[in-house]
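Okay, here's what each chain looks like letter by letter:
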Amino acid sequence: MTAHVGELATRLDDAARDRVAEQQLSADHDLSLAEAYAVQHALVSRRLGRGETRVGVKLGFTSRAKAAQMGVSEVIIGQLTSRMHVEEGAEIWLGAYVHPRVEPEIAFRLARNIDPQLWTGNVTEAVNAVAPAVEIIDSRYRDFRFNLADVVADNTSASGFVVGAWQPLPASLDNRGMVLELDGRLVQSGSSSAILGDPLRAVAAAIRMAGRHDIPLRAGDVLLAGAGTPAVALVAPGTVSATVSGLGRVRFRVTSVR
Ligand code: OOG
Ligand code: MG
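The rules behind these values
In every chain, residue numbers begin from 1 and rise along the written sequence. Chain letters start at A and ligand numbers start at 1, both assigned in the order the entries are written. Note on the predicted model: pLDDT of at least 70 is required for a residue's local features to be given, and 80 or more for side-chain atom pairs to be given and counted; whole-chain, interface and lining totals, by contrast, use all residues. Neither water nor hydrogens contribute to the side-chain values; these are computed over all heavy atoms in the structure. Ligating atoms shown are N, O and S within 2.8 Å of the metal, or 3.2 Å for Na, K and Ca, and water is not included, meaning a site may look less than complete. Here a strand is any run of E in DSSP of at least two residues, a helix any run of H or I of at least four, and the numbering for each starts at the N terminus. Each residue's exposure class comes from its accessible area (1.4 Å probe, protein chains only) as a fraction of the maximum for that residue type: buried when under 20%, exposed when over 50%, partly exposed otherwise. For this document, the term salt bridge refers to a Lys or Arg side-chain nitrogen within 4 Å of an Asp or Glu carboxyl oxygen. A single heavy atom is enough: if one lies within 4 Å of a molecule or strand, its residue is considered near that molecule or strand. Polar contact is the term for a pair of N or O atoms within 3.5 Å; when the atoms are in protein, one must be able to donate a hydrogen and the other to accept it, and sequence-neighboring residues count only if both atoms are side-chain atoms. Surface accessibility in these figures is a Shrake-Rupley result with a 1.4 Å probe; residues are shielded only by whichever protein chains are displayed. Under the scheme applied here, ten amino acids are nonpolar (Ala, Val, Leu, Ile, Met, Phe, Trp, Tyr, Cys and Pro), four are charged (Asp, Glu, Lys and Arg), and all others, including Gly, are polar. Between any two strands, at least two bridges found by DSSP are needed for them to pair. Grid points spaced at 1 Å over the protein atoms alone were grouped into cavities, where a 1.4 Å probe fits but cannot get out, and pockets, open sets with protein on both sides within 12 Å along at least five of seven lines, with lining residues defined by an atom within 4 Å of a point. Grid points are joined across faces, edges and corners, and a volume is the space filled by probe spheres set on the points. As used here, the term nonpolar core means buried Ala, Val, Leu, Ile, Met, Phe, Trp, Tyr and Cys residues forming a set that is joined through side-chain atoms within 4.5 Å. Any two residues whose heavy atoms approach within 4.5 Å at even a single point are treated as in contact. Note on geometry: axes are lines fitted to C-alpha atoms, helical ones only across the stretch in contact, with angles between N-to-C directions running from 0 to 180 degrees.

Q: I tried to follow the coordination of the magnesium ion (ligand 2) on my own but got confused; where do I start?
A: The textbook angles at a metal center are 109.5 degrees for a tetrahedron of four donors and 90 or 180 degrees for an octahedron of six. Those protein atoms acting as donors to the magnesium ion (ligand 2) are Glu103 (OE), Glu105 (OE) and Glu135 (OE), and they sit at 2.0 Å. We note that the donor set of the magnesium ion (ligand 2) lies within a single chain, spaced as E-x1-E-x29-E. Remark: glutamate 135 occurs in strand 6 (residues 127–137) and glutamate 105 occurs in strand 5 (residues 101–110); sequence separation between them is 30 residues. Both residues of the pair, glutamate 105 and glutamate 135, count as buried.

Q: I would appreciate a short explanation of the pattern of salt bridges in the present structure.
A: Side chains that differ in sign of charge can pair as their charged atoms come close. For the coordinates displayed, the defined rule picks out nine salt bridges. Of the charged contacts in the structure, one is a salt bridge between aspartate 13 and arginine 46, with a shortest N-O distance of 2.8 Å. Highlighted residues: aspartate 13 in helix 1 (residues 2–18) and arginine 46 in helix 2 (residues 33–49), separated in sequence by 33 residues. Among the salt bridges present, the one from arginine 253 reaches glutamate 91, with a minimum N-O distance of 3.1 Å. Taken together, the positions of arginine 253 in strand 13 (residues 248–255) and glutamate 91 in strand 4 (residues 91–93) put the pair 162 residues apart, joining distant regions of the chain.

Q: Is there a simple way to explain the site of ligand 1 in this structure?
A: Around ligand 1, a shell composed of 17 residues is seen, among which Lys58, Phe61, Lys66, Ser157 and Ala227 lie nearest. Between an oxygen atom of ligand 1 and a side-chain N or O atom of lysine 66, the distance comes to 2.7 Å. One of the side-chain nitrogen or oxygen atoms of glutamate 135 is found 3.0 Å away from an oxygen atom of ligand 1. For ligand 1, the accessible surface in isolation is 320 Å², of which the surrounding protein chains cover 100%. Elements represented by at least two residues in the shell around ligand 1 include exactly strand 1 (54–60), helix 3 (64–70), strand 5 and strand 6. Tallying contributions element by element places strand 1 first for the shell around ligand 1, with three residues. Classifying every residue of the shell around ligand 1 gives eight nonpolar, four polar and five charged.

Q: Explain the pairing of strand 6 here, please?
A: For a regular strand, side chains alternate in direction, first toward one face of the sheet and then toward the other. Of all 11 residues in strand 6, 10 are buried, a share of seventy percent or more. When strand 5 meets strand 6, the two strands line up antiparallel, connected through 10 bridges. In the sheet register, valine 102 faces strand 6, and the bridge partner there is isoleucine 136.

Q: What am I meant to see in empty space enclosed by the protein here?
A: To find the voids left in a structure, one rolls a probe of water-molecule size over its atoms. One pass over the full model with this rule turns up two cavities of 30 Å³ or more. A volume near 110 Å³ is recorded for the largest cavity. Lining the largest cavity are 17 residues; nearest its centre among them are Lys58, Gly60, Phe61, Lys66 and Thr156. Among the secondary structure elements, those contributing two or more residues to the lining of the largest cavity are strand 1, helix 3 and strand 6. If one sorts the elements of the lining of the largest cavity by residue count, strand 1 sits on top with three residues. Among the residues making up the lining of the largest cavity, the classes are represented as nine nonpolar, four polar and four charged. Counted as a void, the second largest cavity has a volume near 50 Å³.

Q: I would appreciate a short explanation of the nonpolar core in the present structure.
A: One recurring pattern in soluble globular proteins: nonpolar side chains tend to sit buried together. With 52 residues, the main nonpolar core has Val39, Ile77, Phe108 and Phe146 as its most contacted residues. Broken down by element, this core gets its largest block of residues, nine residues, from helix 6 (residues 199–212). Contact partners of valine 39, with chain neighbours within four places excluded, come to Val5, Leu8, Ala9, Leu12, Leu31 and Ala153. Core analysis: the second largest hydrophobic core is formed by 16 residues, Val86, Val102, Leu180 and Val254 among them.

Q: I keep staring at the pairing of strand 9 (residues 185–191) and nothing clicks. Help me out?
A: Sheet analysis places strand 8 (residues 177–182) next to strand 9, joined by six bridges and oriented antiparallel. The residue of strand 9 that forms the bridge with leucine 180 is glutamine 188. Taking the residues between adjacent antiparallel strands as the criterion, strand 8 and strand 9 are bridged by two residues, where aspartate 183 takes a positive phi near 50 degrees.

Q: What's the story with the sheet that holds strand 9 in this structure? I'm lost.
A: Strands in a sheet are paired, the pairing made by backbone hydrogen bonds, and the direction either parallel or antiparallel. Strand order in the open sheet made by the five strands is 4-13-12-8-9, with mixed pairing throughout. Two strands bound the open sheet, and with one partner strand each, they are strand 4 and strand 9. Put simply, the sheet's adjacent strands are angled 20 degrees from each other on average, direction ignored.

Following this line, the structure appears as structure tokens:
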């Protein structure tokens with residue numbers, strides 16, 4: 001298997017760069033979860049080799065709505081790199097992606113470097129800020145379909161993320177309305193409680209999973225807790241916004257012309 005890791009990572013990396021969907025790895029490889037994470041690491045290493053830096057982590061399938069939409073029900077972790085960051089208010093080009101979708105998220109900021117093996121379990125010491133966010137996911141697989149190992153290998157469809165104004169951590173974050181709008185039209189709505197019952201639990205889950213899969217966690221890193229609703233296809237031209245009750249709104253634009 002080890003011989004294939006680099007080759008499979010290259011396949012997915014090329015698919016992202018050429019913006020052409022690839023056949024699912026599971027069509028010809030029966031990857032274990034450990035092997036899938038090895039492909040993810042090799043994929044991220046290729047990006048780091050091109051000068052990108054690791055800027056955070058993201059969880060996938062922390063909400064049942066997302067798990068049901070994609071048919072994968074295990075929580076997974078992916079890695080965010082500098083090139084995925086989209087400034088709030090910026091305009092992105094639809095053509096840079098294969099078949100992008102957007103989902104409303106809650107972002108946390110790590111307060112310190114964290115060694116998951118030494119971590120005491122104190123969430124409110126681990127993070128020092130929270131913000132409304134949008135994740136742009138873009139599966140490198142045909143028809144946006146995959147099994148668990150496929151999506152882990154594909155860095156959990158990570159493609160872009162937009163974070164609104166950071167603010168201090170409030171006492172609680174559950175039961176907050178989460179809304180996704182395209183051009184001011186409501187396309188998804190849900191509750192932050194959909195995220196593992198409470199998005200603060202996603203912080204603990206991310207730290208544990210980063211430890212298990214050897215993903216470094218550094219002060220200032222962004223942590224996306226996972227979508228509160230199913231994802232929606234991105235269209236252009238348009239404006240995307242996500243609002244989390246009490247945390248405010250984050251917005252960006254999409255264009256069809258470069
Ligand atoms: C996988 C990524 C899932 C989330 O927030 O649940 C995810 C996908 O749906 O393509 O980012
Ligand atoms: Mg997500």
